[in-house]
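Summary of the model geometry
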Amino acid sequence: MDLKETWKSSSCGNELPKKVPPDQQSFPSLNSQQHQREWEDPSLLNYCTRIDQQFLGFNQRPETPPSAAFNPNSQLKIPDASKTQDWDPRTMLSNLCFLEDKIHQLQDLVHLIVGRRAEVVGRSNEFVPQQQQLITADLTSIIVQLISTAGSLLPSSKHSLPLVNSIVTQLGQLDGGLFPPGSGLNGFVPPHNGVSKVEDQSDQIDPTNVCGPEQNYSVEENESKDEEDADDGENLPPGSYEILQLEKEEILAPHTHFCVICGKGFKRDANLRMHMRGHGDEYKTPAALAKPHKESNSEPMPIKRYSCPYVGCKRNKDHKKFQPLKTILCVKNHYKRTHCDKSYTCSRCNTKKFSVLADLKTHEKHCGRDKWLCSCGTTFSRKDKLFGHIALFQGHTPAIPLDETKGLAGQSDRGEIDESPNKVARIDFNFSPDTSIEGGIHNATNSKGNLDDPAGYFSPLNFDTCNFNGYQEFPRNTFEDSESSFSFLISGSCNYPRKTGGESGSNDPQ
Amino acid sequence: MKKQKQTHVPSTNYFDLLSEEIVFSILDFLDDNPLDKKSFSLVCKSFYTTESLHRRALKPLRSEHLTKILHRFPCITNLDLSLCPRIDDSSLKVISNVCKNMLRSIDLSRTKFFTHVGLSNLVVNCVNLVEIDLSNATELKDPAAAAIAEAKNLERLWLGRCKAITDIGIGCVAVGCKKLRLISLKWCLGIGDLGVGLIAVKCKEIRSLDLSYLPITKKCLLPILELQYLEDLFLEGCFGIDDDSLAALKKGCKSLETLDMSSCQNVSHVGLSSLTSGTACLRQLVLAYGSPVTLALADSLQKLSMLQSIKLDGCLVTCPGLKAIGNWCISLRELSLSKCLGVTDEGLSSLVTKHKDLRKLDVTCCRKITHVSIAHITNSCTSLISLRMESCTLVSREAFVLIGQRCQFLEELDLTDNEIDDEGLKSISRCSKLSNLKLGICLNITDEGLAQIGLCCSQLIELDLYRSAGIMDTGILAIARGCPGLEMVNIAYCKEITDHSLISLSRCSKLNTLETRGCPLITSLGLAAIAVGCKQLVKLDIKKCYNIDDAGMIPLAHFSQNLRQINLSYSSVTDVGLLSLASISCLQSMTILHLKGLTPSGLAAALLACGGLTKVKLQESFKSLLPRHLFKHLEARGCVFQWRDKVFQIIEMALRSTFYYLQAEVDPIFWKLQLEDVE
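Quick caveat, the model's predicted, so the values are computed rather than measured.

Notes on the overall build of chain A
Of the regular secondary structure elements, chain A holds 24 helices and 8 strands. The burial tally for chain A puts 35% of its 510 residues in the buried class. When contacts within chain A are restricted to residue pairs at least 6 apart in sequence, long-range pairs at least 24 apart make up 57% of them. Accessible surface for chain A amounts to roughly 30200 Å². Of this, 56% is attributable to carbon and sulfur atoms.

As for the overall build of chain B
If you tally the helices and strands in chain B, you get 32 helices and 24 strands. Residues classed as buried in chain B amount to 57% of the 679 residues present. In chain B, 72% of the contacts between residues at least 6 apart in sequence involve partners at least 24 apart.

What about unusual backbone geometry?
Residues and elements named next belong to chain B. Despite not being glycine, W187 shows a phi value in the positive range, around 65 degrees. With respect to the helices and strands, W187 occurs in the loop between β6 (182-184) and α11 (193-202). One non-glycine residue, C365, adopts positive backbone phi at about 60 degrees. In this fold, C365 is placed in the loop between β13 (360-362) and α18 (371-380).

Remarks on helix α14 (residues 328-339) of chain A
In this model α14 of chain A runs 16 Å from its N-terminal to its C-terminal C-alpha over 12 residues, within 8% of the 16 Å that 1.5 Å per residue would give. Considered for burial, the residues of α14 of chain A that qualify are C330, V331, K332, N333, H334, Y335 and K336 of chain A.

Regarding the UniProt feature "domain: C2H2-type" (unreviewed entry) in chain A
Mapped onto this numbering, the UniProt entry annotates "domain: C2H2-type" (unreviewed entry) at residues 257-284 of chain A. In this annotation, residues 257-284 of chain A is assigned 29% helix and 14% strand; the end-to-end C-alpha distance for the span is 18 Å.

Here's the deal with the nonpolar core
Soluble globular proteins tend to pack their nonpolar side chains together in the buried interior. Residue and element names in this part refer to chain B. Grouped together as the largest cluster of nonpolar side chains are 209 residues, with contacts concentrated most on I95 and L185. The dominant element in this core, judged by the number of residues it contributes, is helix α27 (residues 600-609), at 7 residues. Dropping the residues within four chain positions of it, L185 is found in contact with L159, I170, I191, V196, I199, D210, L211, S212 and L214.

Quick notes on the packing of helix α7 (residues 89-99) of chain B against helix α8 (residues 116-125) of chain B
Residue and element names in this part refer to chain B. Running from amino to carboxyl end, α7 crosses α8 at an angle of 5 degrees, the nearest separation of the two axes being 8 Å. Between α7 and α8, the angle falls in the class roughly parallel. Across the interface between the two elements, D89, L92, K93, I95, S96 and N97 of α7 pack against V117, G118, L119, N121, L122 and N125 of α8. Here the contact of α7 with α8 is built from residues that sort into 5 nonpolar, 5 polar and 2 charged.

Some details on the pairing of strand β22 (residues 589-592) of chain B
Residues and elements named next belong to chain B. Neither face of β22 is open: one carries S589 and T591, the other M590 and I592, and all of them are buried. By the bridge criterion, 3 bridges tie strand β21 (residues 565-567) to β22 in an arrangement that is parallel. Paired with Q565 across the bridge in β22 is S589. Between the parallel elements β21 and β22, the chain passes through helix α26 (residues 575-581) in a crossover that is right-handed. Pairing geometry for β22 and strand β23 (residues 615-619), over 4 bridges, is parallel. What sits directly across from I592, in β23, is L618. Remark: the β22/α27/β23 crossover connection has right-handed handedness.

Brief notes about the packing of aromatic side chains
Residue and element names in this part refer to chain B. Applying the stated criterion to the full structure yields 6 aromatic pairs over all chains. Taking 5.8 Å as the distance between ring centres and 15 degrees as the angle between the ring planes, the aromatic pair formed by F641 and W643 counts as stacked. Considered together, F641 and W643 belong to a single accessibility category, that of buried residues. One aromatic cluster is present, built from ring pairs that chain together F631, F641 and W643. The residue whose ring lies beneath R86 is F113, and the NZ or CZ to ring-centre distance is 4.4 Å.

Focus on the environment of C545 of chain B
Residue and element names in this part refer to chain B. Within the fold, C545 resides in the loop between β20 (539-541) and α25 (550-559). In this structure C545 comes out as buried when scored by relative accessible area, which is 0%. Residues C545 and L521 lie 24 residues apart in sequence; the distance between their C-alpha atoms is 7.4 Å. Among all residues touching C545, those that are not within four sequence positions of it are T516, G518, C519, S571 and S572.

Some thoughts on helix α10 (residues 167-176) of chain B
Most of α10 of chain B sits out of view: 10 of its 10 residues are buried. All of the buried residues along α10 of chain B are D167, I168, G169, I170, G171, C172, V173, A174, V175 and G176 of chain B. Summarising the contacts, the buried residues of α10 of chain B are in contact with β7 (372-373) and α16 (383-392) of chain A together with α9 (142-148), β5 (156-158), β6 and α11 of chain B.

Describing the environment of D299 of chain B
All names here are of chain B. Tracing the backbone through its elements, the reader meets D299 in helix α15 (residues 295-300). You can call D299 partly exposed: its relative accessible area is 38%. In the structure, D299 is positioned 29 residues away from W328 in sequence and 8.3 Å away in space, judged by C-alpha atoms.

Some thoughts on the side chain of D210 of chain B
All names here are of chain B. Tracing the chain through its elements places D210 in strand β7 (residues 208-210). Put simply, D210 is tucked away with no salt bridge, and the nearest opposite charge, on K186, sits 5.1 Å away. Among the polar contacts made by the side chain of D210, one reaches the side chain of S212 at a distance of 2.8 Å. Leaving out residues up to four positions away in the same chain, D210 has contacts with I183, S184, L185, K186 and F234.

Details of the pattern of salt bridges
Residues and elements named next belong to chain B. All chains considered together, the criterion is met by 23 salt bridges over all chains. With a shortest N-O distance of 3.9 Å, R72 and E51 are connected by a salt bridge. Highlighted residues: R72 in helix α6 (residues 66-72) and E51 in helix α5 (residues 45-54), separated in sequence by 21 residues. For R72, a relative accessible area of 28% gives the class partly exposed. Across the pair R517 and D541 runs a salt bridge whose closest N-O atoms are separated by 2.8 Å. Placement of the pair is R517 in the loop between β19 (513-515) and α24 (524-533) and D541 in strand β20, with a sequence separation of 24 residues. D541 sits in the buried class, given a relative accessible area of 9%.

Side note on the packing of helix α4 (residues 34-41) of chain B against α5 of chain B
Residues and elements named next belong to chain B. Packing of α4 against α5 leaves a shortest axis separation of 7 Å and a crossing angle of 140 degrees. Put simply, α4 runs oblique to α5. Contact with α4, carried on its side by K37, F40 and S41, involves F47, Y48, E51 and H54 of α5 and no other residues of that element. Grouping the constituent residues of the contact of α4 with α5 by class yields 3 nonpolar, 2 polar and 2 charged.

Topic: a nonpolar patch on the surface
Residues and elements named next belong to chain B. Together, F15, L18, I22 and I26 make up a nonpolar patch on the protein surface, roughly 300 Å² of accessible area in all. Locating I22 in the fold gives a position in helix α3 (residues 20-28). Looking at I22, the relative accessible area reads 40%, which means it is partly exposed.

What to know about the confidence of the model for chain A
Residue and element names in this part refer to chain A. Of all residues in chain A, 38% have pLDDT values of 70 or greater, and the mean over the chain is 57. Averaged pLDDT values for the elements of chain A fall to 36 in helix α18 (residues 413-431) and rise to 89 in α16. Between residues 157-233, whose pLDDT stays under 50, and residues either more than four places distant or in other chains, the model counts 113 contacts. For residues 407-456, every residue scores under 50 in pLDDT, and the model assigns this stretch 60 contacts once sequence neighbours within four places are set aside.

Topic: the confidence of the model for chain B
All names here are of chain B. Averaged over all residues, the pLDDT of chain B equals 89, while 93% of them reach at least 70. Segment residues 1-7: pLDDT under 50, and 0 contacts once partners within four positions in sequence are set aside and those in other chains are kept. This model gives residues 655-662 a pLDDT under 50, and the stretch forms 9 contacts once residues within four places in sequence are excluded. ipTM for the predicted complex: 0.78, alongside a pTM of 0.63.

With respect to the side chain of S212 of chain B
All names here are of chain B. You can see S212 is positioned in the loop between β7 and α12 (218-225). Of note is the side chain of S212, whose polar atom sits 3.4 Å from the backbone nitrogen of E236. Sequence-distant contacts of S212, defined by excluding residues within four places in its chain, comprise L185, K186, W187, F234, L235, E236 and C238.

Calculation criteria
- Residues numbered from 1 in each chain as written.
- Chains lettered and ligands numbered in written order.
- Predicted model: local features only at pLDDT ≥ 70, side-chain atom pairs only at ≥ 80, totals over all residues.
- Heavy atoms only, no water.
- Helix = DSSP H or I, 4+ residues; strand = E, 2+ residues; numbered from the N terminus.
- Buried < 20%, exposed > 50% of the residue type's maximum accessible area, 1.4 Å probe, protein only.
- Contact = heavy atoms within 4.5 Å.
- Areas by Shrake-Rupley, 256 points an atom, 1.4 Å probe, with all protein chains shown as cover.
- Expected span 1.5 Å × (residues − 1).
- UniProt positions renumbered as here; feature names shortened; annotations may be inferred.
- Core = buried A, V, L, I, M, F, W, Y, C linked by side-chain atoms within 4.5 Å.
- Axes fitted to C-alpha atoms, helices over the stretch in contact; angles between N-to-C directions.
- Parallel < 35°, antiparallel > 145°, perpendicular 65-115°, else oblique.
- Nonpolar A, V, L, I, M, F, W, Y, C, P; charged D, E, K, R; others polar.
- Pairing = 2+ DSSP bridges.
- Right-handed = clockwise from strand over helix to strand, strands pointing away.
- Phe/Tyr/Trp six-rings, centres within 6.5 Å; stacked < 30°, edge-to-face > 60°.
- Lys NZ or Arg CZ within 6 Å of the ring centre and 35° of its normal.
- Lys, Arg positive; Asp, Glu negative; His and termini not counted.
- Salt bridge = Lys/Arg side-chain N within 4 Å of Asp/Glu carboxyl O.
- Polar contact = N/O pair within 3.5 Å; in protein donor to acceptor, adjacent residues only side chain to side chain.
- Patch = residues over 30% accessible without salt bridge, like charges linked within 9 Å, V, L, I, M, F, W, Y side chains within 5 Å.
- pLDDT = per-residue confidence, 0-100.

Listed below in C-alpha cells is the structure:
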C-alpha cells in the first residue's frame, strides 16, 4: 500500500511540469538541456579537442612560417644584391647563369612531377603526398631563389629588394595554402633526398619567429592608438597635408629600413644605424647616430598622411570620405587587417583568426582562460564587463562553466562516469551487514580517491540495525540481566570495525 | 479496538458537530507545547486526520522518515530541517515530490550532504517557495546558487557562510529571484562588489540586506542606496567601506531604518555625518567596535531625528561624547555601552538624565561606574525594561536597593559579578515582571535574598546562579515553588546544592535547560527526579557531578525524550549509562570527557546507536582506540567530532599538590580571588 502511494506520487511528480504554465515550463526544459550537454561533453568535446590539437601541430606551421621561412633565403642572396649596386656586368652575368641553372632544375622537377602523377594513379600509397610535398618545397625554394636573383638584376636594389621580399612572402603564403592542412613540414623526417632543405627551413623558422612577434607587437600598440587618433581626433582639412601611398608590396614587406651599402633590412631604424657603424667610421659620428628627423625639425615639415593602396577602401585617397592614416605602421596594420587573409589562427579556440601576429598574441592572452560567460552566449574577458552586460539586459544571467556543475574537479569526465556505478555498488555493500567492511575495502582499491567520500560510509540502515540488534531494546531491559549479553555484543561490535580485513565471523552469531 | 467502535457508534460524537474550521481554530491554540498536539492526534482516528491536516510547520529530527511524515501531514508549508544531521539529494527529492506547490519555506541551515542537484529538484517542483535558508552550507558552489535562481517566487534567502559561492552564483540569484525582499550574505567571502551590485540593480524589492564581512567597497554601495524599499542594512566588518564611500549616503536612502556598521574600522565621524542628511528614517544604529565616541561623532549623529536605538559596544568612549549624546534632542529608547572603555559616572549620568525614556540599557563591563551612575539611572529612567550591568564591580551594594525601588518594570536584569547582597535582592524582588535574572558570581547573596525573589517574581523564566556560593537548597526550593514557569536554571558550582534542590526544581515542568556543573553533592536520585518532572528538558550539563552515575542516565533515557544536548564529563557514568542515553532519538550533542568507566567498545556502541548525533566532544585518546572506519561512518551520518586533550583535572591538581587549586576549583570565593590575581 505504502509502496503504491509512493509510486503514485512519483508519477505525479513526473506529470507536474506539463501542467505548469509555459513560461515556467521553459526552465526545467532548459535545465535538462544543460544536463544533456554535461553528458555529451566528455565524449564529444574531448574528442574534438584532441583532433584539433593534432591538427594544430601541423596547421600552425604551414600557415605562419613559410612566409618567414623563406626570407632568409632572400637574405642569403644579399651579397649578390650589394654587388649589383655597383652595376657590375660580370656579376650580372653570373647571376644570369645562376638563373639558367635554376630554371633547368625547375624544369627537371616539373618533369619529375609529371612523371610521378602518372605513377601515382596506380597506387594509393600514403607517402605519395609526402613526396609531393617535398617536391613542392623544392619547387618553391627554387622559384624563390629565381625571383630574388632576378630582382637583384634590377639597377636599383634598394627598391627592388622589398618588392622581392614581398613577392617571396606572398609566394610563401600561397605555398602554405598549397600544402594540405593535415600535413606539415615540422617534426617530419622524410625518407627522401630533400631532407637537408626541409630541415634547413625548419631551422630558419625559429629565429625569425622569435623576433617577429616582439617587433610586431610594439608596432601594434602604437598603431591601435594612432588609428584611434585618426578616427576620433583630428579632422585635418583635405589638402593641408601631404598624402603618401605605399604600394601593397611595400606594405607587406617585413623590413622597412635597409642598409644603403649592403642592403640588409632592419625592422628598426635604430638597429640600422647601429649596423651602419660597421661600414666605416663616418657612420660613427654622433650626428649619424642621432635620430635623423631631429635635424630636420628646424624646418617646418609638411604633415604627412598615408593612403591605403586598396581602391575602394575608406582609407584610400580616392574614397569620397577619405580618412587618412597617420603613420606607416597604421598603414601596415590597416592593410593587413582589412585586405589580407587572416592567416594566424588561435591555437586555443581554433576559431579566431588574425592577419596581424600581434593581434593573435593579444587574443591568446585572454582566450580560454578567465572566460566570463553570459547565458546569451557572449563571452567577456573581464568579470566587470560581464556584470555590466547582465545589469544592462533583462533576462541575461551569468553562466556557470560546465566543469563546475559536474562537481568533482580535477577528475576526468570519463573517470567520473565510470566511477558512479562503483559508488552505488559500494553503498549496496554497506547495506548488507556481512560484507560492509570488505565491500568498502574492496571498492576502495578499485576506485582510489573515493575513500574519503563520506557518502560511501553512509548507510541508512545503520550498523545498529544490522549488528547491534540488542541495543535498541536495551534501555527497556533491566540492567543486571543485560550485562552478560551486553559484553558479548560489545565484543562483537568491536571486532567488527577494528579488524578491517572483514571479520564476517564476528557477525555470525546473529 | 472493535469494542471501542461499538460503544462509539451509537453515542453521538460531539466533535462531529464541529466543522473542520472550528477544530482547526481550536488547534491553533495548542501551539505552546508540541506534545499537546501529539496527545490530541492520538485520541482517535478522526482527530488524527484533523491534526494531520492542520499541521503547517514541521521540524523533523531525521531524514529517514521524511516520506512517511510528509505523507501524514499533507498541508506542510514550513519545513525546518535544521535538526536533521544528514539531508542528501534523495531527501530533497522526496520533499519536492511530496510537498510540491504547498511548500513555502524550507530551512536547510546546519544540514549537510545535499548538492545543487537536490536543490534544483526542490526549486523546480516547489514553485511556491518563498523562503530558503542555506546558511552554513559551506560546500555549496555557484551551481547551487544557479539552482536557487530558478525559484522565481523567492522572497527571503539566507546564504550565511556559503563561502564557496562567488559573484557568478549570486549574479544568477539576482537575475532569477526578482521578488527577493531579504537576502543575507554574511561571511560569503567569495562575493564582492559585482555580485552585490547586481543584486541591487536587479532585485528592486529588497527590504533587508546583510552584507556583513563581505569584501565590498563603495562601488556597490551606490546602487544599494538607490533601493527604494531598503529598510535594514547590515555592513558589519566591511573593511572596504570608508568615509569616502559613505559620502554616497548623502544622496540618501530615505527608507533605511536599521543600519549596522559594527567593526567598520575605516569609518569615522566624517563618514557618519553623511548619514544624517540622507537617512531621515533611521531608527536603529549599530556602531559597535568602531571609531571612538567623541564629541565630533556624537555631533555628527545629532540630526537623526527618528533614532531610537544606538549600540556603541566596545568603542572607546569619552565624557564629552556621552554628554553630547545626552544633548541630542531625541529621546533614545535603547542604549548599549557594553564593554566601552572610558564610561565614567559623569558622562553616563549626564546622558541618562536626558534620555528618560530609555527602555533598555546595557553598561556591561563599564568598570569605572559607581553607585552615582546607578542613582542617576534609576532616578531618571524609571521605565527601564532591561538593565544589564555585568561586572560593574565598583558599584556598591547599596546601589542595588535603588534598582528595586525605582525601576519596577524591569524584565531583564543582569547583575553577574556584582557586589549585590540580600538587601539588594529583596529590593529587586519588587520587580514583579522580572523574567530573566542573572546573579552569577554574586558572592554576597544567600538563600534569604533568593527566597524573596522566589516569593515575588513569579514570572521568572531564566535564573543564573553560576558560582554564587551562598546559595543552598532552601533558596532553590523557594524559587522552584514561586516560579513555576522557569525554563532555564544555572546552579553551576554552587557546591552546597544537593538533590533536594533538583527534586524541588522538578516541579517546573517547562524547564528546558539545566546546568548543575560542579555540584558534587548531586546524585542520580536528583537527576532522576528532574527527568521525571521536566519532560521538556533539552539541555543538560552535569559535568563534574562526580556522584551521578548510570542510575541517573536510565530515567533520563526513559523520560527526557526531548534531550538534545548533554555534558557528562567527569561524572561517574559508564558504558551502560551512555548506551541507555543513546535511545534518546533527539540527542544531537554529547560531551564525554574523562569518564572513567567508559570503554572504547561501549563508546563505539553508543555512538553507533545514537543516530541523530551531530556533535561529539571526545578525548583524544579514543581516536586511536577506535577504528577509523567507525568515525568515517559516523561523520557520513552527519556527526562532527571534536577532540580534546586535556589532562584529567583532579590528577593535575594532585600533581601540583596545592590545596589552593583544589579549593579554587570547587570554592567560588577562592575562584574569584584567583581570578583577581590573574587580572
